[in-house]
Amino acid sequence: MNYKKHISMIKQNEILVFQSIENLSEHLYELLRKKTVNSPEGRYVSIALSGGSTPKRIFNDISSRDEGGINWKKIRLFWVDERCVSPDDDESNFKMTQINLLENLDIPDENIFRIFGENDPKKEAIRYSQVLKENLPSENGLPGFDIVLLGIGEDGHTASIFPGNTSLFHSTKYCEAVTHPQSGQQRITITGAVINNADLIIFMVTGADKAKILERIVYDKRKTELPATLVNPTNGNLLWLLDAGAASFLGNHSNKFS
Ligand code: 6PG
């Protein structure tokens, strides 16, 4: 049965649970389509993309279902974070996005603002901060994204802000160079100030392996050592797009509707 569950949360938080990743992608596609249709002429819709494995299938599904419904010329793409590798490295978030999304779309090169993972990390964090400042509208004195797409790791990290490094979330900088606590991999990440300044923050979380951490993050906001619990839009909205596996421990305050 193609059902969604709607677990209403406090204030401007909303959780939608989908029967399949295809249904989740369909919802995200329609959300992006409406954003571009409703965006005034001459105004870009600026989106920050996360990497990892979750977006792969979703990006692939979005690009394969696109028959001109989304005006990609009105969309500018940025990244939430990037591994400090070259853009053709299999670890690169840009490469993952290129293969699963960009290659299939007619989005102009000038609308794509890649993080240069091949650069010196500290210098790139400074450069990308400037890119955000110059190419995004200023909201509350900070770069303002229309949409920030986030994933969540099983350890509760989001972007490349890991447990034990939540001070990054409160950094006064827009971007920081960080080191992955387990792998030692260098990364560039946007910080909590920019993330929470977005008009719409979307967590995309799929798979039963995320059910436990999701239960902790959604229901126990005191777990502030988990970076994902610090995601809390200042003026915008927070939308959770989950599949049934990831949501399997979440309460059933829902109205099932087909
Ligand atoms: C990255 C991502 C990262 C990701 C989570 C979830 O560069 O890896 O930005 O924050 O969203 O680690 O990753 P999965 O989707 O692979 O579970």
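See the structure shown above.
For the structure given in this document, a descriptive report is provided here. Bear in mind the structure is a predicted one, so any value in this text is a computation, not a measurement.

Thoughts on the overall build of the protein chain
Link 1 in the chain: Summing up its helical and strand segments, the protein chain has six helices and twelve strands in all.
Link 2 in the chain: Relative to the 2.2 N^0.38 estimate, which gives 18 Å for 258 residues, the radius of gyration of the protein chain is 17 Å and therefore close to what a compact globule would have.
Link 3 in the chain: Overall size of the protein chain, expressed as C-alpha extent along the three principal axes, is 50 × 45 × 35 Å.
Link 4 in the chain: Contacts in the protein chain between residues at least 24 apart in sequence constitute 75% of all its contacts with a sequence separation of at least 6.
Link 5 in the chain: Carbon and sulfur atoms make up 48% of the accessible area of the protein chain, which amounts to about 11,500 Å² in all.
Link 6 in the chain: One finds the centroid of the 29 positive side-chain charges in the protein chain at a distance of 5 Å from the centroid of its 33 negative side-chain charges.

Considering the environment of aspartate 81
Link 1 in the chain: The topology assignment puts aspartate 81 in strand 5 (residues 81-83).
Link 2 in the chain: In the structure, aspartate 81 is positioned 96 residues away from alanine 177 in sequence and 9.6 Å away in space, judged by C-alpha atoms.
Link 3 in the chain: Those residues in contact with aspartate 81 that lie beyond four places of it in its chain are Leu49, Ser50, Gly51, Asn93, Ile115, Ala159, Ser160, Arg187, Ile188 and Thr189.
Link 4 in the chain: Here the side chain of aspartate 81 touches serine 160 through a polar contact of 2.7 Å, side chain to side chain.

Quick look at the sheet that holds strand 10 (residues 186-190)
Link 1 in the chain: Taken in spatial order, the three strands of this open sheet run 5-10-9, and their pairing is antiparallel. Bordering the open sheet on either side are strand 5 and strand 9 (175-179), each of which pairs with just one other strand. Each neighbouring strand pair of the sheet contributes to a mean axis angle of 20°, computed without reference to strand direction.
Link 2 in the chain: Sheet analysis places strand 9 next to strand 10, joined by five bridges and oriented antiparallel. From the neighbouring strand, alanine 177 faces strand 10, where its bridge partner is isoleucine 188.
Link 3 in the chain: Sheet strands in contact with helix 4 (residues 121-135) are strand 9 and strand 10, and its direction is about 150° off that of strand 9.

Details of the site of the ligand
Link 1 in the chain: Surrounding the ligand, one finds 14 residues, the nearest of these being Ser53, Thr54, His157, Ala159 and Lys210.
Link 2 in the chain: Between an oxygen atom of the ligand and a main-chain N or O atom of glycine 51, the distance comes to 3.3 Å.
Link 3 in the chain: One of the side-chain nitrogen or oxygen atoms of arginine 83 is found 2.7 Å away from an oxygen atom of the ligand.
Link 4 in the chain: Of the residues in the shell around the ligand, the class split is two nonpolar, eight polar and four charged.

Concerning the nonpolar core
Link 1 in the chain: Membership of the largest hydrophobic core comes to 78 residues, with the highest contact counts inside it found for Phe145, Ile202 and Trp240.
Link 2 in the chain: Those residues in contact with phenylalanine 145 that sit more than four places away from it in its chain are Ser46, Ile47, Ala48, Phe78, Leu132, Leu136, Ile190, Val194, Ala198 and Asp199.

Overview of the side chain of aspartate 146
Link 1 in the chain: Looking at the element boundaries, aspartate 146 is found in the loop between strand 7 (142-143) and strand 8 (147-150).
Link 2 in the chain: Its relative accessible area of 8% is what places aspartate 146 among the buried residues.
Link 3 in the chain: Ignoring sequence-local partners within four residues, the contact set of aspartate 146 consists of Lys35, Arg43, Tyr44, Val45, Ser46, Asp199 and Leu200.

Thoughts on unusual backbone geometry
Link 1 in the chain: The phi torsion at asparagine 140 lies on the positive side, around 55°, for a residue other than glycine.
Link 2 in the chain: Tracing the chain through its elements places asparagine 140 in the loop between strand 6 (138-139) and strand 7.
Link 3 in the chain: According to the relative accessible area criterion, asparagine 140 is exposed, its value standing at 53%.
Link 4 in the chain: Backbone geometry places alanine 159, a non-glycine residue, at a positive phi of 55°.
Link 5 in the chain: Mapped onto the secondary structure, alanine 159 falls in the loop between strand 8 and strand 9.

Describing the environment of serine 183
Link 1 in the chain: Topologically, serine 183 is positioned in the loop between strand 9 and strand 10.
Link 2 in the chain: Residue serine 183 is classed as exposed on the basis of its relative accessible area of 52%.
Link 3 in the chain: At 3.1 Å, the side chain of serine 183 forms a polar contact with the backbone nitrogen of glutamine 185.

What to know about helix 6 (residues 211-219)
Link 1 in the chain: Three or more residues of helix 6 are buried, namely Ala211, Ile213, Leu214, Ile217 and Val218. Down the axis of helix 6, the buried set is contained in an arc of 160°. They therefore lie on one face.
Link 2 in the chain: In this structure, the buried residues of helix 6 make contact with strand 2 (13-18), strand 11 (200-205) and strand 12 (237-243).

The rules behind the values
- Residues numbered from 1 in each chain as written.
- Predicted model: local features only at pLDDT ≥ 70, side-chain atom pairs only at ≥ 80, totals over all residues.
- Heavy atoms only, no water.
- Helix = DSSP H or I, 4+ residues; strand = E, 2+ residues; numbered from the N terminus.
- Rg over C-alpha atoms; globule rule 2.2 N^0.38 Å.
- Contact = heavy atoms within 4.5 Å.
- Areas by Shrake-Rupley, 256 points an atom, 1.4 Å probe, with all protein chains shown as cover.
- Lys, Arg positive; Asp, Glu negative; His and termini not counted.
- Charge placed at Lys NZ, Arg CZ, Asp CG, Glu CD.
- Polar contact = N/O pair within 3.5 Å; in protein donor to acceptor, adjacent residues only side chain to side chain.
- Pairing = 2+ DSSP bridges.
- Axes fitted to C-alpha atoms, helices over the stretch in contact; angles between N-to-C directions.
- Near = heavy atom within 4 Å.
- Nonpolar A, V, L, I, M, F, W, Y, C, P; charged D, E, K, R; others polar.
- Core = buried A, V, L, I, M, F, W, Y, C linked by side-chain atoms within 4.5 Å.
- Buried < 20%, exposed > 50% of the residue type's maximum accessible area, 1.4 Å probe, protein only.
- Arc of directions from axis to C-beta.

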